[in-house]
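Chain and residue survey
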Amino acid sequence: MAAPCPQPGSEANALTVLGGVSSDSDILHDPDFWFNDGNIVIVAKNHHADARPTGFRVHMGVMSRHSEVFKDLLCQSLPRPKEGEGSVTIEGCPQMLVTDSYFDFTHLLHALYDGIGYLAEPESVGFGGLAALVRLGHKYDIAPVYNAALTRLRAAFDDRAFWVDPPNQDKAADQRWMPDLWEALIAVNLFRTIAADDLRAIALYISTTLLDAGQLIGGAEREDGFIERLADDDLARCFEARLSLFTRRLTYINDTLTEPPRPGCESNYQCGNHVQALLPRKRTYSYANLMGRRLVPCIPWSTEGVQLLCARCVDFFKQREQQFLEKVWSDLPEIMSIPRPTPPEPVAPSEVTNTTTVAA
């Protein structure tokens, strides 16, 4: 898991700038991670206007134990202060200025000092904390932190039951923690950085359907004050996908309106007329009612008008709509113009034999 390259719209990903602030008065001491026996002061950015950087007085051994990247930085690259160079130390400790935000670094230190149990309740850590751990776990090659946080983010985004299954089937599932519209936009850049394109397609879908043009272009502010903006190609994907999603829903509704009477209809073939009354009329076709955060069912099954349909036609139309929603879900990578990964070419039997022979 290599450190990521900087992405358009994201903050610089350079690992460190050695040296940094001129004195202790230039930084804020983090209240949770300023240990009297710490032997390194790591200074992180604060993107809020006129805010001072935050310093963490921690232990080189703890940082090095969890990350080979930190081990190289702290044990090999960090210069030791010489006599007369007191400006590079804080309370006698060498300092290192990282390009990460104080918010992200605080969550990373909680995971390193408190253990992965810190993530036991994703709701308390929140999207921002999970994103921070994925971001820095990836950057500093800390696999346990990265994998644990990404697993929880994946559970929230890649939740087929939430997006596709009828919403009234499982009320508890509908009330679980899910990303909001601004978090989805931030997640687009995060998933792009770590090359999680399946999750990126879902985050792009949420952003496309819930944010207007000005919001998509303006970006979203993270908890640390940094403004995340979509890369130009992802922004273009959002606008192009709007037309694709609109067309799919419009085609589905028109096909349903013209559906011939079902054989065996128990209401003397009147269900077709009742369905037409339930579906949005053509004059109301718009992005607002044809798209939404969930793949919203076209027929409002909770309304009283559904009672006019016979049981056989209700089953038919529900099954038909479920198939439509599942098709949109499975096609999200294509809709959002995210290429599916190419499966590896099968290895010829002779190549397997040769490889095994050499290895032996």
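What comes next concerns the included structure. Computed from a predicted model, the values in this text were never measured in an experiment.

Let us look at the overall build of the protein. In terms of helices and strands, the protein carries 16 helices and eight strands. Residues classed as buried in the protein amount to 48% of the 360 residues present. Pairs at least 24 residues apart make up 71% of the contacts formed inside the protein by residues separated by at least 6 positions. Counting only carbon and sulfur atoms, one obtains 54% of the accessible surface of the protein, whose full area is about 17,800 Å².

What follows covers the pairing of strand β3 (residues 40-45). Most of β3 sits out of view: five of its six residues are buried. Sheet topology places β3 next to strand β4 (residues 54-58); five bridges connect them, and they run antiparallel. Looking at the pairing, isoleucine 40 lines up with valine 58 of β4. Pairing geometry for β3 and strand β6 (residues 93-101), over four bridges, is parallel. Looking across to β6, one finds that lysine 45 is bridged to serine 101.

Met63, Phe105, Leu108, Tyr140, Phe157 and Phe191 are the most contacted members of the largest nonpolar core, which has 72 residues in total. Residues Cys310, Cys313, Phe316 and Phe317 belong to the second largest nonpolar core, which totals 10 residues.

Packing of helix α5 (residues 143-157) against helix α8 (residues 181-193) brings their axes to within 13 Å, and their N-to-C directions diverge by 130°. Between α5 and α8, the angle falls in the class oblique. Between α5 and α8 lies a crossing whose hand is left-handed. The segment α5 lies against α8, with Leu150, Leu153 and Phe157 engaging Ala184, Ala187, Leu190 and Phe191. Residue composition of the contact of α5 with α8, grouped by class: seven nonpolar, no polar and no charged.

We now examine the packing of aromatic side chains. As enumerated under the stated definition, the model contains nine aromatic pairs in all. Arranged with centres 6.2 Å apart and planes meeting at 80°, the rings of phenylalanine 33 and phenylalanine 35 form a pair that is edge-to-face. Following the ring pairs from residue to residue traces out a cluster consisting of Phe56, Phe70, Phe105 and Tyr140.

In an α-helix, one turn spans 3.6 residues; hence positions three or four apart end up facing the same way. Taking 1.5 Å as the rise per residue, α8 with 13 residues should run 18 Å; its terminal C-alpha atoms sit 19 Å apart, in good agreement. Along its length, α8 reaches its greatest deviation from straightness, about 25°, at alanine 187. Burial analysis of α8 places 11 of its 13 residues in the buried class, the great majority of the element. If you check which residues of α8 are buried, you get Glu183, Ala184, Leu185, Ile186, Ala187, Val188, Asn189, Leu190, Phe191, Arg192 and Thr193. Directly beyond the C-terminal end of α8, a positive phi value near 60° is found at alanine 195.

This brings us to the layout of surface pockets. What the second largest pocket holds in volume is close to 250 Å³. The wall of the second largest pocket is formed by 14 residues, among which Asp197, Asp198, Ala201, Pro333 and Arg340 lie closest to the centre. When contributions to the lining of the second largest pocket are tallied by element, the ones reaching two or more residues are α9 (197-210), α14 (311-330) and α15 (332-335). Here the lining of the second largest pocket gets four residues from one element, more than from any other, and that element is α9. A per-class count over the lining of the second largest pocket returns nine nonpolar, one polar and four charged.

So, on to unusual backbone geometry. With a phi angle near 60°, alanine 195 is a residue other than glycine that sits in the positive phi range. Inspection of the secondary structure puts alanine 195 in the loop between α8 and α9. At serine 337, a residue that is not glycine, the phi angle is positive and equals roughly 60°. By secondary structure assignment, the location of serine 337 is in the loop between α15 and α16 (349-359).

Conventions and cut-offs
Residues numbered from 1 in each chain as written. Predicted model: local features only at pLDDT ≥ 70, side-chain atom pairs only at ≥ 80, totals over all residues. Heavy atoms only, no water. Helix = DSSP H or I, 4+ residues; strand = E, 2+ residues; numbered from the N terminus. Buried < 20%, exposed > 50% of the residue type's maximum accessible area, 1.4 Å probe, protein only. Contact = heavy atoms within 4.5 Å. Areas by Shrake-Rupley, 256 points an atom, 1.4 Å probe, with all protein chains shown as cover. Pairing = 2+ DSSP bridges. Core = buried A, V, L, I, M, F, W, Y, C linked by side-chain atoms within 4.5 Å. Axes fitted to C-alpha atoms, helices over the stretch in contact; angles between N-to-C directions. Parallel < 35°, antiparallel > 145°, perpendicular 65-115°, else oblique. Left-handed = near helix turned anticlockwise from the far one by under 90°. Nonpolar A, V, L, I, M, F, W, Y, C, P; charged D, E, K, R; others polar. Phe/Tyr/Trp six-rings, centres within 6.5 Å; stacked < 30°, edge-to-face > 60°. Expected span 1.5 Å × (residues − 1). Bend = angle between axes of the 7 residues up to and from the residue. 1 Å grid on protein atoms, 1.4 Å probe; cavity = no way out; pocket = protein on both sides within 12 Å on 5 of 7 lines; lining within 4 Å. Points joined across faces, edges and corners; volume = space filled by probe spheres on them.

In short, the description is geometric, and any link to function would need to be established separately.
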